[in-house]
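What the coordinates show
Each chain, letter by letter, is given below.
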Amino acid sequence: MKLEHVNITVPDPKASAAILCDLFGWHVRWEGEAKDNGFTVHVGDEDSYLALYAPNLALVPTGNTYSRIAGLNHVGVVVEDIEAVEEKVKQAGYTPHSHGDYEPGLRFYFDGPDGIEFEVVSYA
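Report follows, based on the coordinates. Not measured: the values here are computed from a predicted model.

1. A word on the side chain of Glu117
Mapped onto the elements, Glu117 comes out in strand 8 (residues 117-122). At 11 Å, Arg107 is the nearest oppositely charged side chain to Glu117, a buried residue that forms no salt bridge. Residue contacts for Glu117: discarding those within four places in its chain leaves Tyr66, Asn73, His74, Val75, His97, Tyr109, Phe110 and Asp111.

This is the structure we're talking about:
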């Protein structure tokens, strides 16, 4: 089993995709019209991706996802060079936090585009 994609609602899929491509070395796999006259950008690598979706209606913030049923708490991304990615995260204006060094690898978190929390992990 492998996870292919996760679909997340964002206000501006193209802007969010551009940031994530820069941070993680991803690429846009597809973009186009989507459900309810919305727009989606698929961003990731050849094996998996995030579907960044914007419906054609007003969006409302979710608040604290850790206290909501079915809340998306964070997205985990495995990288080879965690120090290089952390530097990119800082240069993009995000603040890394909750660093950890425990089995099976190094990790840190940051609140990225649209307030989505990312966990960056390296098993190298």
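2. Things to note about unusual backbone geometry
The omega torsion of the bond from Glu103 to Pro104 falls at 10°, within 30 degrees of zero and hence cis. Summarising the element assignment, Pro104 is placed in the loop between strand 6 (97-102) and strand 7 (105-111). Despite not being glycine, Asn37 has its phi angle at roughly 60°, a positive value. Despite not being glycine, Ser98 shows a phi value in the positive range, around 50°. In this fold, Ser98 is placed in strand 6.

3. A closer look at the environment of Thr62
Within the secondary structure, Thr62 sits in the loop between strand 4 (49-54) and strand 5 (75-78). Overall, the relative accessible area of 48% leaves Thr62 in the partly exposed class. Counting along the chain gives 46 residues from Thr62 to Phe108, while the straight-line C-alpha distance between them is 23 Å.

4. Observations concerning the pairing of strand 2 (residues 27-34)
Remark: a regular strand shows side chains that alternate across the two faces of the sheet. The sheet contact formed by strand 2 and strand 3 (residues 38-44) spans seven bridges and is antiparallel. What sits directly across from Val28, in strand 3, is Val43. Here strand 2 folds back onto strand 3 in antiparallel fashion, the turn holding three residues, of which Asp36 has a positive phi close to 55°.

Conventions adopted
- Residues numbered from 1 in each chain as written.
- Predicted model: local features only at pLDDT ≥ 70, side-chain atom pairs only at ≥ 80, totals over all residues.
- Heavy atoms only, no water.
- Helix = DSSP H or I, 4+ residues; strand = E, 2+ residues; numbered from the N terminus.
- Buried < 20%, exposed > 50% of the residue type's maximum accessible area, 1.4 Å probe, protein only.
- Lys, Arg positive; Asp, Glu negative; His and termini not counted.
- Salt bridge = Lys/Arg side-chain N within 4 Å of Asp/Glu carboxyl O.
- Contact = heavy atoms within 4.5 Å.
- Pairing = 2+ DSSP bridges.

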